[in-house]
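# Observations on the three-dimensional arrangement
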Amino acid sequence: VEQAATAGAREASLARDARSAEAGATAVVRAALDEQGIECRELVSEVDVDGFGVQVGRPASVTVRVSCDVPLSDISVPGMPGSRVISASMTSPIDRFRGRS
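The structure contained in this document is the topic of the report that follows. Here the residue index of a chain counts from 1 through its sequence in written order. In keeping with the predicted nature of the model, local features appear solely for residues at pLDDT of at least 70, side-chain atom pairs appear and are counted solely at 80 or more, and the whole-chain, interface and lining totals rest on all residues. To obtain the side-chain values, all non-hydrogen atoms of the structure were included, while hydrogens and water were left out.

### Overview of the overall build of the protein
In this description a helix means any DSSP run of H or I spanning at least four residues, a strand means any run of E spanning at least two, and both kinds are numbered starting from the N terminus. The number of helices and strands found in the protein is 3 helices and 3 strands. The N-to-C order of helical and strand elements in the protein reads α-α-β-β-α-β. C-alpha atoms of the protein, sized along the principal axes, occupy 55 × 15 × 15 Å. For the exposure calls, accessible area comes from a 1.4 Å probe over protein chains only, and a residue counts as buried if that area is under 20% of its type's maximum, exposed if over 50%, partly exposed in between. The buried share of the protein, taken over its 101 residues, is 32%. In this analysis, two residues are considered to be in contact whenever any of their non-hydrogen atoms come within 4.5 Å of each other. For the protein, restricting intrachain contacts to residue pairs at least 6 apart in sequence, the fraction spanning at least 24 positions comes to 62%. Carbon and sulfur atoms make up 48% of the accessible area of the protein, which amounts to about 6000 Å² in all. Charge counting follows a simple rule: Lys and Arg are positive, Asp and Glu are negative, and His as well as the terminal groups are ignored. Where a charge sits is defined by one atom per residue type, namely NZ (Lys), CZ (Arg), CG (Asp) or CD (Glu). Here the protein carries 11 positive and 14 negative side-chain charges, and the mean point of each set is 9 Å from the other. Under the convention used here, a 1.4 Å probe and the Shrake-Rupley method define accessible areas, while residue burial counts only the protein chains that appear.

Have a look at this one:
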């Protein structure tokens, strides 16, 4: 989940606008979890794109928070009932001199 949040934050920081950042980060988070074979009973991916409102030339960043409700049978003993929510949050800087909207 931490790797997925990192990949999502990086993807969002490369976008040109907030809408693209949010869509790209969400897609990358899902892809990263799928690639690792992690199935979430419930996946929450939040992308904080407030940094795109910061004036060009000033430091800004995006943050991606991921919460995944993982069945315990996937992370410990096969067949074990129940689940556990695993969460991670990562922040990535936006290039301060690139245009944003």
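### Concerning helix 2 (residues 18–35)
Compared with the 26 Å implied by 1.5 Å per residue over 18 residues, the 25 Å span of helix 2 between its first and last C-alpha is a close match. Regarding helix 2, the residues found buried are Ala 21, Gly 24, Ala 25, Val 29, Ala 32 and Leu 33. Summarising the axial view, the buried residues of helix 2 lie within an arc of 160°, below the 170-degree limit, and thus occupy one face. Opposite its buried face, helix 2 presents the exposed residues Arg 19 and Asp 34, each directed more than 90 degrees away. At its buried positions, helix 2 is contacted by helix 1 (2–14), strand 1 (42–48) and strand 2 (60–71). Positive phi shows up at Gly 37, right after helix 2, with a value of about 75°. To estimate how far a helix should extend, the number of its residues minus one is multiplied by 1.5 Å. The arc in question is traced by the directions running from the helix axis to the C-beta atoms.

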